[in-house]
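Take a look at the letters that make up each chain.
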Amino acid sequence: MAKGKVSQELIEQLKKIVGEKFVYTDKDKLEPYSHDEVTDPHYMKEAQCVVLPANTDEVSKCVKACYDANVIMVPRAAGTGLAAGAVAIFGGVIISIERMNKIIEIDKDNMVCVTEPGVTTAVLQDTVQKDGLFYGGDPCSGDSCFIGGNVATNAGGNRAVKYGVTRDQVMGMEVVTPSGEVVTLGGKFRKNATGYMLMHLFIGSEGTLGIITKIYLKLVALPKYQMDLLAVFGNLDDAIALTPKVMNAGITPTCVEFMDNASIKQVEIFLNEKLQHSDVGNYIIIQIAGDSEDVLDEQCEKIDELARANKALDVLVANPAIIWKSRKAYLEADRARSLVFSMEDIVVPMTEIPGAVQKISKLSGKYDVAMHCAGHCGDGNVHIDILKDDRTQEQWEDMLPKIQGEIYALVYGLGGRLSGEHGIGYKRAALMAKYMSPIELHMMKAVKKALDPKNIMNPGKVVNINDEVPVE
Ligand SMILES: Cc1cc2nc3c(=O)[nH]c(=O)nc-3n(C[C@H](O)[C@H](O)[C@H](O)COP(=O)(O)OP(=O)(O)OC[C@H]3O[C@@H](n4cnc5c(N)ncnc54)[C@H](O)[C@@H]3O)c2cc1C
């Protein structure tokens with residue numbers, strides 16, 4: 001069915017629901033919503049209208065109005081996504097949840113936080129911490145992304161080794177369906193065997209099944225002590241191979257992150273700060289936490305021993321502010337060098353990372369292109385930034401798919417997948433047909449068709465039902 005245009009009548013209807021000043025149609029107001037953090041112009045597109053509801057009732061009424069007019073809706077949180085999921089590539093109305101930014105309740109006894117989706121992740125972390133509680137999710141974009149965006153993308157991040165990804169933190173949610181109905185899935189309870197766990201379909205659905213308007217998050221007790229270690233290696237393989245050794249030694253670190261030497265050097269330039277052993281070093285950053293200083297000291301000694309046995313050049317207790325600033329600047333540093341770049345987000349079994357990174361690094365020489373690797377080696381998730389630098393757009397568009405093709409073929413050969421945490425969005429939607437098992441893809445399309453029969457909620461993202469074509 002052809003999708004309807006955003007008519008003046010629909011705009012007037014939306015204004016009546018949310019108030020005139022919360023419906024944007026002017027070019028200067030639409031521009032910030034025309035992209036997420038993907039910098040390639042290919043993934044940018046202005047919506048015809050952006051609407052900012054204040055609560056679930058307003059979301060529901062806006063969705064109903066768009067549904068009746070057969071107009072595409074694109075849910076949007078903070079726009080820090082790396083897959084062009086929150087961009088109106090196929091036209092329509094962006095429904096931004098940025099005004100729904102209140103933490104509704106911190107239930108200390110049940111250890112649950114109930115929140116609106118537009119709360120910044122770091123604000124939520126800091127707020128629960130004041131009550132001696134801890135939220136396990138921690139994407140590197142935590143200072144800017146929203147918790148609703150994290151749930152919609154099933155964000156991973158630094159602490160997934162110990163606490164799992166966002167999915168593991170979610171106990172329940174309220175969702176507005178593509179036709180505007182409101183449903184609550186899950187709740188404050190920690191067990192549920194009451195039929196299909198529909199909530200899990202919405203986690204990581206990237207706005208293609210409905211709009212998440214309230215979230216119930218699991219909290220744990222705040223650990224008393226924390227320590228960050230930096231192990232520096234001359235060889236990246238030795239660095240990454242440390243991870244399973246630490247995990248098998250009975251230590252469950254909160255984070256195990258890595259940065260290759262090229263990334264460290266790029267971050268050093270970006271921050272204009274000397275980083276330790278940046279001349280030859282590859283980093284493994286390990287964070288451990290617990291309730292006893294003695295236990296942490298013991299774990300620290302064990303990690304030191306394992307790292308040195310694995311040919312570490314140095315093992316240091318790191319200054320957390322510096323080391324995490326460096327790790328989190330990885331993406332910004334590459335963007336400062338080359339505005340256009342592609343960030344790959346592959347995931348492989350943890351033990352396959354050294355082999356994968358070694359083979360991927362060779363592509364840098366083969367195509368004579370800068371490629372920087374960093375990521376979450378505690379959970380097999382490797383980010384590879386491929387930099388356009390001063391190539392023409394034509395050269396870039398010719399080269400990039402070739403490199404990506406080699407990377408994905410390798411990753412699938414190792415039992416991995418296209419994306420570990422950034423998701424599929426529009427950027428990787430076409431690749432799903434190429435790499436995913438046809439049966440799995442068919443099941444995903446069946447879910448999308450069942451929950452969004454008009455294909456009106458963020459179409460053309462994740463799975464492509466009707467061979468959608470971007471609006472010119
Ligand atoms: C510097 C940097 C570091 C990053 N580090 C990490 C990392 O460590 N781990 C990680 O996983 N990601 C990371 N990301 C990617 C990004 O921050 C995450 O994907 C994040 O979860 C997106 O949240 P957002 O609020 O910006 O969502 P948006 O970008 O606004 O939206 C993302 C997707 O969710 C959908 N969506 C948004 N809100 C809703 C809602 N309420 N209901 C339904 N669907 C919705 C959108 O349609 C879109 O498809 C990083 C990004 C940057 C720029």
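Every value quoted in this text rests on a predicted model; they were computed, and no experiment measured them.

K.L.:
I would appreciate a short explanation of the overall build of the protein chain in the present structure.
P.N.:
When helices and strands are counted, the protein chain shows 16 helices and 18 strands. At 22 Å, the protein chain has a C-alpha radius of gyration in line with the 23 Å of a compact globule built from 472 residues. Principal-axis analysis of the C-alpha atoms places the extent of the protein chain at approximately 70 × 60 × 45 Å. Counting across all 472 residues of the protein chain, residues that qualify as buried make up 57%. If you take every contact in the protein chain between residues at least 6 apart in sequence, the share linking residues at least 24 apart comes to 73%. Approximately 20000 Å² of the protein chain is accessible, and the part contributed by carbon and sulfur atoms is 52%. Each charge sign in the protein chain was given a centre, from 50 positive and 63 negative side chains, and these centres are 4 Å apart.

K.L.:
Teacher, can you tell me more about the site of the ligand here?
P.N.:
Surveying the vicinity of the ligand reveals 33 residues, the closest of which are Pro 75, Gly 79, Thr 80, Gly 81 and Ser 141. Backbone polar atom of Gly 79 to an oxygen atom of the ligand: 2.8 Å apart, as the coordinates give it. Within the backbone of Glu 206, one N or O atom sits 3.0 Å away from an oxygen atom of the ligand. In the complex, the protein chains occlude 96% of the 980 Å² of accessible area that the ligand would expose alone. It is helix 5 (residues 147–153) that contributes the most residues to the shell around the ligand, four residues altogether. When grouped by side-chain class, the residues that make up the shell around the ligand number 14 nonpolar, 15 polar and four charged.

K.L.:
I would appreciate a short explanation of the domain arrangement of the protein chain in the present structure.
P.N.:
Accessible area lost on assembly of the parts is the figure often given for the size of an interface. Domains assigned within the protein chain are domain 1 (103–221), domain 2 (225–328) and domain 3 (337–413). One C-alpha centre belongs to domain 1, the other to domain 3, and the line joining them spans 31 Å.

K.L.:
I tried to follow the nonpolar core on my own but got confused; where do I start?
P.N.:
The nonpolar side chains of a soluble globular protein tend to be buried with one another. Counting residues in each nonpolar core, the largest one holds 56 residues, and the members touching the most others are Ile 284 and Ile 407. A domain split of this core shows at least three residues from each of domain 2 (225–328) and domain 3 (337–413). Setting aside residues no more than four positions away along its own chain, Ile 407 makes contact with Glu 344, Ile 346, Ile 360, Leu 363, Met 371, Ile 384 and Ile 386. If you look at the next biggest cluster of nonpolar residues, it comprises 43 residues, including Cys 49, Cys 62, Val 87 and Met 457.

K.L.:
Honestly, the sheet that holds strand 4 (residues 93–96) in this entry has me stumped. Any pointers?
P.N.:
By way of backbone hydrogen bonds, the strands of a sheet pair with one another, either parallel or antiparallel. Across the sheet, which stays open at both edges, the four strands sit in the order 1-2-4-3 with mixed pairing between neighbours. Taken across any chain shown, the strands that pair with only one partner, and hence form the sheet edges, are strand 1 (23–24) and strand 3 (73–76). Bridging between strand 2 (residues 49–51) and strand 4 involves three bridges; their strand directions are parallel. Looking across to strand 4, one finds that Val 50 is bridged to Ile 94.

K.L.:
Which parts of the structure should I look at to understand a negative patch on the surface?
P.N.:
The grouping of Glu 293, Asp 294, Asp 297, Glu 298 and Glu 301 at the surface amounts to a negative patch. Mapped onto the secondary structure, Glu 301 falls in helix 10 (residues 293–309).

K.L.:
I'm lost on the sheet that holds strand 12 (residues 225–233) in this one. Help?
P.N.:
Strand order in the open sheet formed by seven strands is 15-12-14-13-17-18-16, with antiparallel pairing between adjacent strands. The open sheet has two edge strands with one neighbour each: strand 15 (312–317) and strand 16 (341–347). On average, each strand axis in the sheet is tilted by 15 degrees relative to the strand beside it, whichever way the strands run. Here strand 13 (residues 255–259) pairs with strand 14 (residues 282–290) via five bridges, running antiparallel.

K.L.:
I'm lost on the packing of aromatic side chains in this one. Help?
P.N.:
How two aromatic rings sit relative to each other is set out by the distance from centre to centre and by the angle between their planes. Using the criterion set out here, one finds six aromatic pairs in the structure. Considering the side-chain rings of Tyr 24 and Tyr 33, the 6.1 Å spacing of their centres and the 55 degrees angle between planes classify their relative orientation as tilted. Both residues of the pair, Tyr 24 and Tyr 33, belong to the buried class. Ring centres 5.9 Å apart and planes at 70 degrees place the aromatic pair Tyr 43 and Tyr 426 in the edge-to-face group.

Reading the values: rules and limits
- Residues numbered from 1 in each chain as written.
- Predicted model: local features only at pLDDT ≥ 70, side-chain atom pairs only at ≥ 80, totals over all residues.
- Heavy atoms only, no water.
- Helix = DSSP H or I, 4+ residues; strand = E, 2+ residues; numbered from the N terminus.
- Rg over C-alpha atoms; globule rule 2.2 N^0.38 Å.
- Buried < 20%, exposed > 50% of the residue type's maximum accessible area, 1.4 Å probe, protein only.
- Contact = heavy atoms within 4.5 Å.
- Areas by Shrake-Rupley, 256 points an atom, 1.4 Å probe, with all protein chains shown as cover.
- Lys, Arg positive; Asp, Glu negative; His and termini not counted.
- Charge placed at Lys NZ, Arg CZ, Asp CG, Glu CD.
- Near = heavy atom within 4 Å.
- Polar contact = N/O pair within 3.5 Å; in protein donor to acceptor, adjacent residues only side chain to side chain.
- Nonpolar A, V, L, I, M, F, W, Y, C, P; charged D, E, K, R; others polar.
- Domains from an automatic or database assignment.
- Core = buried A, V, L, I, M, F, W, Y, C linked by side-chain atoms within 4.5 Å.
- Pairing = 2+ DSSP bridges.
- Patch = residues over 30% accessible without salt bridge, like charges linked within 9 Å, V, L, I, M, F, W, Y side chains within 5 Å.
- Salt bridge = Lys/Arg side-chain N within 4 Å of Asp/Glu carboxyl O.
- Axes fitted to C-alpha atoms, helices over the stretch in contact; angles between N-to-C directions.
- Phe/Tyr/Trp six-rings, centres within 6.5 Å; stacked < 30°, edge-to-face > 60°.

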